[in-house]
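# Geometric and topological summary
The residues making up each chain are set out below.
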Amino acid sequence: MENHNTLAHLFLLLLSLTAHLLPKSASAEVIKAQQDREPFVGVNIGTDVSNLLPAVDLVAFLQLQKITHVRLYDANAEILKALAKTKIRVVVSVPNNQLLAIGSSNATAATWIGRNVAAYYPQTLITAVSVGDEVLTTIPGAAPLLMPAIESLYSALVAANLHTQIKISTPNSASVILDPFPPSQAFFNQSLSPVLTQLLQFLSRTQSPLMMNLYPYYVFMQNKGVVPLENSLFKPLTPSKEMVDPNTLLHYTNVLDAMIDSVYFSMKNLNVTDVAVLVSETGWPSKGDSKEPYATADNADTFNSNLIKHVLDHSGTPLHPEITSSVYIYELFNEDLRSPPVSEANWGLFYGNSTPIYLLHVSGSGTFLANDTTNQTYCIATEGVDAKTLQAALDWACGPGRANCSEIQPGESCYQPNNVHNHASYAFDSYYQKEGRSSGSCDFKGAAMVTTTDPSSGNCVFPGSKIVSNRTNEVVNSTQASGGGGGRVVGLDFTATTVVHMLSGVLTCLFYCSFL
């Protein structure tokens, strides 16, 4: 705890020392733009899915998963009807191929708003219209049409008296920003400045957010060897691995925060400090081809689980710790009909039939994205703790702590790798689960830490794993035989190793009872 407090004090000191470098009016103005609601995590719903759920079933699934914000890539009539009276907030989109017609005709824009927004609101809670998708970078020839389309759609909302309830913006690729790190040196591509200046002025005038598609995955893939994987996945970092902006001295523990702050600095360079950043897309693919070795289910799970926690914890960014950008995860379902590379079809949290691709670990976020049916946490040994300290804590856990250490005995499923860190992690988790994951039961004088990532590996299943949660409740600390012919004793296995642990634990109890 002392280390955490020291880091917090240093962080506050850095903020105060660098305050003269930061946009002083930005915080207050952006808070004003966002103060109407708490930061949220939503999901994008693409429909290039071969077995997509019918609209009614899709909405029922959203409700089951406690998903409260969705973004569509069009204005699908069936989905919008099914969303009526559900309190799920939805962003509808104007596809890129409709920009020409809408940007060229106020009447066409009015018709679009009438058919796709006014016809459903307020029964369906449409909160925003997303105009195109990455228009400035994917179809730059259409850039002159973007602002006319946005202005025409806004005029149609005004005419329908919906302009205060429904915002208009356009998602931009991160590539509109050049020199994104350090964030304080970031600036918008000057060739796009005329359009971006008009866009930002519009967003400021209408108190609408700047939508940005920000993918730490691509930053990592394009900068392997420079950007550590841990920074991209929101994993805990040692101070030496934190990214430091040399101009502001702000420390960045994850790539997404750095990307968001690069947007704020880029806007400041165009004298705009009152527009909030909304992350309209972010995510991590669960599968890729041979050129994408980091597109794995484990990395996708880690990224999205930590992202959810980061947002719902109101973590903010180093530049704006008081402001947390809302995000939409890309995406709800794997779009198996999308063209190669392989990763393009594997960004989803679920398959099209609603079965999860991996088990999110979103402990502490209530029932949001309830495919983590266990809402589980685990207790493991902290990296960097010396072997002597770990051994003493391990002895206490397996002795006086009455953890079930049978699976880390020679020949058992969790004996390998045979090292004190691995054995201590198993023992710590056993004790933690036995104590009902209560506060203070995963400390061991700083030798242990709580994680949402299941530490199980291969045949070694940790006590907190969902797979064996029912079985471990029956066998922990039990000395009864299994009952079958030739069955072995389950629970504590009194091998010589266990006895040594227990005796050592007794001898050190007076000292290590202060662990907890």
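Model, not experiment: these values are computed from the prediction.

## Notes on the state of the cysteines
As used here, a disulfide is simply a covalent bond connecting the sulfur atoms of two cysteines. In total, this model carries three disulfides according to the counting rule given. The disulfide that involves Cys-379 links it to Cys-442, with 2.0 Å between the sulfurs. Across the S-S bond linking Cys-379 and Cys-442, the dihedral sits near 85 degrees, which makes this disulfide right-handed. Of this pair, Cys-379 sits in strand β14 (residues 378–381) while Cys-442 sits in the loop between α15 (420–434) and β15 (448–451), placing them 63 residues apart in sequence. What makes Cys-379 buried here is its relative accessible area of 0%. The exposure class assigned to Cys-442 is buried, which follows from its relative accessible area of 12%. With a sulfur-sulfur separation of 2.0 Å, Cys-398 is cross-linked through a disulfide to Cys-405. Handedness of the Cys-398-Cys-405 disulfide follows from its S-S torsion of about -95 degrees: it is left-handed. Judged by relative accessible area, which is 2%, Cys-405 ranks as buried. For the protein chain, numbering the cysteines in disulfides from first to last along the sequence yields the connectivity 1-5, 2-3, 4-6.

## Focus: the packing of helix α8 (residues 143–159) against helix α9 (residues 193–206)
Their axes nearest at 10 Å, the elements α8 and α9 cross at an angle of 15 degrees. Taken together, α8 and α9 sit at an angle that is classed as roughly parallel. Once α8 is placed against α9, the crossing between them reads as left-handed. Taking contact as the criterion, the partners of Ala-143, Leu-146, Met-147, Ile-150, Glu-151 and Tyr-154 in α8 are, on α9, Val-195, Gln-198, Leu-199, Phe-202, Arg-205 and Thr-206. The residue makeup of the contact of α8 with α9, split by class, is eight nonpolar, two polar and two charged.

## Regarding the environment of Asp-301
Structurally, Asp-301 is set in helix α13 (residues 297–312). A residue is classified by how much of its surface remains accessible, and Asp-301, at 11% relative accessible area, is buried. Along the sequence, Asp-301 and His-361 sit 60 residues apart, while their C-alpha atoms lie 7.5 Å from each other. Those residues in contact with Asp-301 that lie beyond four places of it in its chain are Tyr-358, Leu-359, Leu-360 and His-361.

## Observations regarding helix α12 (residues 255–269)
If you check α12, its first and last C-alpha atoms are 21 Å apart, about what 15 residues at 1.5 Å a residue would give, namely 21 Å. Across the 15 residues of α12, 13 count as buried, placing the element largely inside the fold. A distance of 3.2 Å separates the backbone nitrogen of Leu-256 from a side-chain oxygen at the start of α12, and that oxygen is part of Asn-254. Of the residues trailing α12, Asn-271 is marked for its positive phi of about 65 degrees.

## A word on the packing of aromatic side chains
If you walk through the whole model with that rule in mind, you get 23 aromatic pairs. Considering the side-chain rings of Tyr-217 and Tyr-218, the 5.3 Å spacing of their centres and the 65 degrees angle between planes classify their relative orientation as edge-to-face. Exposure remark for Tyr-218: the relative accessible area of 30% places this residue in the partly exposed category. An angle of 90 degrees between the planes, with centres 5.7 Å apart, marks the rings of Tyr-217 and Trp-347 as edge-to-face. Linking Tyr-217 in helix α10 (residues 216–222) with Trp-347 in the loop between β13 (327–329) and β14, this pair joins segments that are 130 residues apart in sequence. Residue classification places Tyr-217 among the buried residues on the basis of a relative accessible area of 1%. An aromatic cluster of at least three residues, connected via ring pairs, comprises Tyr-73, Tyr-215, Tyr-217, Tyr-218, Phe-220, Phe-234, Trp-284, Tyr-294, Phe-303, Tyr-330 and Trp-347.

## What about the side chain of Ser-343?
As for its position among the elements, Ser-343 is in the loop between β13 and β14. Classification of Ser-343 by relative accessible area gives buried; the value is 1%. Once residues lying within four places of it in the same chain are set aside, the contact partners of Ser-343 are Pro-285, Lys-287, Gly-288 and Glu-292.

## Things to note about the confidence of the model for the protein chain
Here the protein chain averages 83 in pLDDT, and 80% of its residues register 70 or above. Long-range and interchain partners of residues 1–28, a stretch whose pLDDT sits below 50, account for 25 contacts in this model, where long-range means more than four residues apart. The low-confidence segment residues 467–516 (pLDDT under 50) makes 68 contacts with residues lying over four places distant or belonging to another chain.

## Digging into the pairing of strand β4 (residues 125–131)
Among the seven residues in β4, six count as buried, and that is most of the element. Taken together, the three bridges between β4 and strand β5 (residues 167–169) define a ladder with parallel strand orientation. Bridge assignment links Ala-128 to a residue of β5, and that residue is Lys-167.

## Focus: helix α6 (residues 106–118)
Of all the positions in α6, only Ala-109, Trp-112, Ile-113, Asn-116 and Val-117 are classed as buried. For α6, the buried positions fall inside an angular range of 100 degrees around the axis, keeping them on one side. Exposed residues on α6 whose side chains face more than 90 degrees from its buried face are Ala-107 and Arg-115. Buried residues in α6 make contact with α4 (77–82), β3 (89–94), α5 (99–104), β4 and α8. Near the N-terminus of α6, the side chain that reaches the backbone nitrogen of Ala-107, with its oxygen 3.3 Å away, is that of Ser-105.

## Considering the sheet that holds β13
Strands sit in the order β5-β4-β3-β2-β1-β13-β12-β9-β6 across an open sheet of nine strands; the sheet is parallel. For this open sheet the edge positions go to β5 and β6 (172–173), each flanked by a neighbour on one side alone. In the sheet, strand β9 (residues 210–213) pairs with strand β12 (residues 277–282) via four bridges, with the strands oriented parallel. If you follow Asn-213 over to β12, its bridge partner there is Glu-281. Against the sheet, α9 touches β5, β6 and β9, its axis set at about 170 degrees to β5.

Parameters and conventions
- Residues numbered from 1 in each chain as written.
- Predicted model: local features only at pLDDT ≥ 70, side-chain atom pairs only at ≥ 80, totals over all residues.
- Heavy atoms only, no water.
- Disulfide = S-S within 2.5 Å.
- Helix = DSSP H or I, 4+ residues; strand = E, 2+ residues; numbered from the N terminus.
- Buried < 20%, exposed > 50% of the residue type's maximum accessible area, 1.4 Å probe, protein only.
- Axes fitted to C-alpha atoms, helices over the stretch in contact; angles between N-to-C directions.
- Parallel < 35°, antiparallel > 145°, perpendicular 65-115°, else oblique.
- Left-handed = near helix turned anticlockwise from the far one by under 90°.
- Contact = heavy atoms within 4.5 Å.
- Nonpolar A, V, L, I, M, F, W, Y, C, P; charged D, E, K, R; others polar.
- Expected span 1.5 Å × (residues − 1).
- Polar contact = N/O pair within 3.5 Å; in protein donor to acceptor, adjacent residues only side chain to side chain.
- Phe/Tyr/Trp six-rings, centres within 6.5 Å; stacked < 30°, edge-to-face > 60°.
- pLDDT = per-residue confidence, 0-100.
- Pairing = 2+ DSSP bridges.
- Arc of directions from axis to C-beta.

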